[in-house]
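Inside the fold
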Amino acid sequence: MNFTINWHIIKKYKDISFLFWKGISKIEINRPWCLNAFRVETVQEMIDAINICYERNDIDVLIITGNGKQSFCSGGDQTTRSLGGYIGEDGKTRMNILDFYKKIREMPKAVIAMVNGFAVGGGNVLHVVCDLTIASDNAIFSQTGPKVGSFDGGFGSSYLARHIGQKKAREMWFLCKKYTAKEAFDMGLINKVVSQKDLEKKTIEWCKIIQKKSPMAIRMIKRCLNAELDGQHGLMQLAGDATLMFYLMKESEEGKKAFLEKREPNFKKFQKFL
């Protein structure tokens, strides 16, 4: 595919760039001096941006990445870590990255992690939570929690193990080893490895392929894949979209019309499927 990418700003933020081009949006962490580590305000901005992606019908796919060629995300900014979490500019302590992970799971559109360099600690969890991961050949993946007195008992462990298996997940957490992009691909942690210069182009190509698919089918298969691991919350998300699909059917419309017209609904006229 030959194309020229011309990103436009959707909304200006301090810690991230939020961009748009031809139905594709991109959230880029802009803190390269600390390898794109996130602080409370970074996450607040990402949550605001992903909420906009959720609401806008002209956005089909979301890319999450980091600024520059050195790092995707190095997790939580340890210089802002305080007792009980990470301290924001308002003096309150939060662990709001967990809320952003949930937003990615709840997003009814595909979310692709474009990993350009280090994806360590919370940055490794961030790409794991995304639907797909495309990495540059210089990418490095690692869990660092036990080295800095931290761990992720949620998606960063259970969902990680679904990707690479229990033994490999325990190795990643217990040893805090670094893995190359090729090693990550071989163990099933990521979907594809490309050269640094081709990273964005290949990611956009995948976005364009997804854009040609049925958005409702993409939405439903994402819900179905999430439902088992996400428990009752995942089933609620799936059931909510099933209700949405039913509301689009004439059988559902008959129920609403009958109520408004103060008559008995005639559901017998609709075909039953085996």
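Residues numbered from 1 in each chain as written. Predicted model: local features only at pLDDT ≥ 70, side-chain atom pairs only at ≥ 80, totals over all residues. Heavy atoms only, no water.

Here's the deal with unusual backbone geometry
A positive phi angle, near 55°, is found at cysteine 176, a position not held by glycine. Here cysteine 176 shows up in the loop between α5 (166-175) and β13 (179-180). Since its relative accessible area comes to 9%, cysteine 176 is described here as buried. With a phi angle near 55°, lysine 262 is a residue other than glycine that sits in the positive phi range. Tracing the sequence through the fold places lysine 262 in the segment after α10 (250-260). (Helix = DSSP H or I, 4+ residues; strand = E, 2+ residues; numbered from the N terminus. Buried < 20%, exposed > 50% of the residue type's maximum accessible area, 1.4 Å probe, protein only.)

Points about the environment of aspartate 131
Take aspartate 131: it is sitting in the loop between α3 (122-129) and β11 (132-136). Overall, aspartate 131 belongs to the partly exposed group, its relative accessible area being 29%. For the pair aspartate 131 and arginine 105, spaced 26 residues apart in sequence, the C-alpha to C-alpha distance is 8.2 Å. Aspartate 131 has contacts with Lys109, Ala110, Val111, Asn191 and Lys222, leaving out every residue within four places of it along the chain. One polar contact links aspartate 131 to lysine 222, side chain to side chain, over a distance of 2.9 Å. (Contact = heavy atoms within 4.5 Å. Polar contact = N/O pair within 3.5 Å; in protein donor to acceptor, adjacent residues only side chain to side chain.)

Remarks on the side chain of serine 25
Considering the arrangement of structural elements, one finds serine 25 in strand β3 (residues 24-29). Using a relative accessible area of 0% as the deciding quantity, one classes serine 25 as buried. When near neighbours in sequence (up to four residues on either side) are disregarded, serine 25 contacts Trp7, Ile10, Phe18, Leu19, Phe20, Cys53, Ile59, Val61, Leu62 and Ile63.

Topic: the nonpolar core
Core analysis: the biggest nonpolar cluster contains 49 residues, and Ile64, Phe100, Ile104, Leu126, Phe141 and Leu189 have the highest contact counts within it. Looking at this core element by element, the count peaks at six residues for helix α1 (residues 40-55). In contact with phenylalanine 100, not counting residues within four places along its chain, are Val43, Met46, Ile47, Ile50, Ile64 and Leu126. The next biggest cluster of nonpolar side chains, apart from the first, holds 15 residues, and it includes Ile24, Val61, Ala110 and Val194. (Core = buried A, V, L, I, M, F, W, Y, C linked by side-chain atoms within 4.5 Å.)

Considering the sheet that holds strand β12 (residues 140-142)
Taken in spatial order, the four strands line up as β5-β10-β12-β13 in an open sheet, and their pairing is mixed. Sheet topology places β5 (71-73) and β13 at the edges, where each strand pairs with a single neighbour. Alignment of β12 against β13, held across two bridges, turns out to be antiparallel. Considered in β13, the bridge of phenylalanine 141 is made with tyrosine 179. Docked against the sheet, α3 engages β5, β10 (118-120) and β12, running at close to 95° with respect to β10. (Pairing = 2+ DSSP bridges. Axes fitted to C-alpha atoms, helices over the stretch in contact; angles between N-to-C directions.)

Some details on the packing of aromatic side chains
Overall, the coordinates contain three aromatic pairs when judged by the stated rule. Ring centres 6.3 Å apart and planes at 50° place the aromatic pair tyrosine 13 and phenylalanine 18 in the tilted group. Overall, tyrosine 13 belongs to the buried group, its relative accessible area being 18%. Residues phenylalanine 155 and tyrosine 159 carry aromatic rings whose centres are separated by 6.2 Å and whose planes lie at 70° to one another, so their mutual orientation is edge-to-face. Of this pair, phenylalanine 155 and tyrosine 159 both sit in helix α4 (residues 155-164), four residues apart, which is roughly one turn of the helix. Sitting above the plane of the phenylalanine 20 ring, arginine 56 keeps its charged end 5.1 Å from the centroid. The aromatic ring of phenylalanine 3 is capped on one face by lysine 208, whose charged end is 5.4 Å from the ring centroid. (Phe/Tyr/Trp six-rings, centres within 6.5 Å; stacked < 30°, edge-to-face > 60°. Lys NZ or Arg CZ within 6 Å of the ring centre and 35° of its normal.)

Digging into the sheet that holds strand β9 (residues 110-115)
In spatial order, the strands read β1-β2-β3-β4-β9-β11-β14; together these seven strands make up an open sheet with mixed pairing. Looking at the sheet topology across the chains shown, the edges are occupied by β1 (8-12) and β14 (192-194). Geometrically, the sheet is characterised by an average inter-axis angle of 25° between neighbouring strands, direction not taken into account. Two elements, strand β4 (residues 61-66) and β9, share four bridges in a ladder whose sense is parallel. Paired with isoleucine 63 across the bridge in β9 is isoleucine 112.

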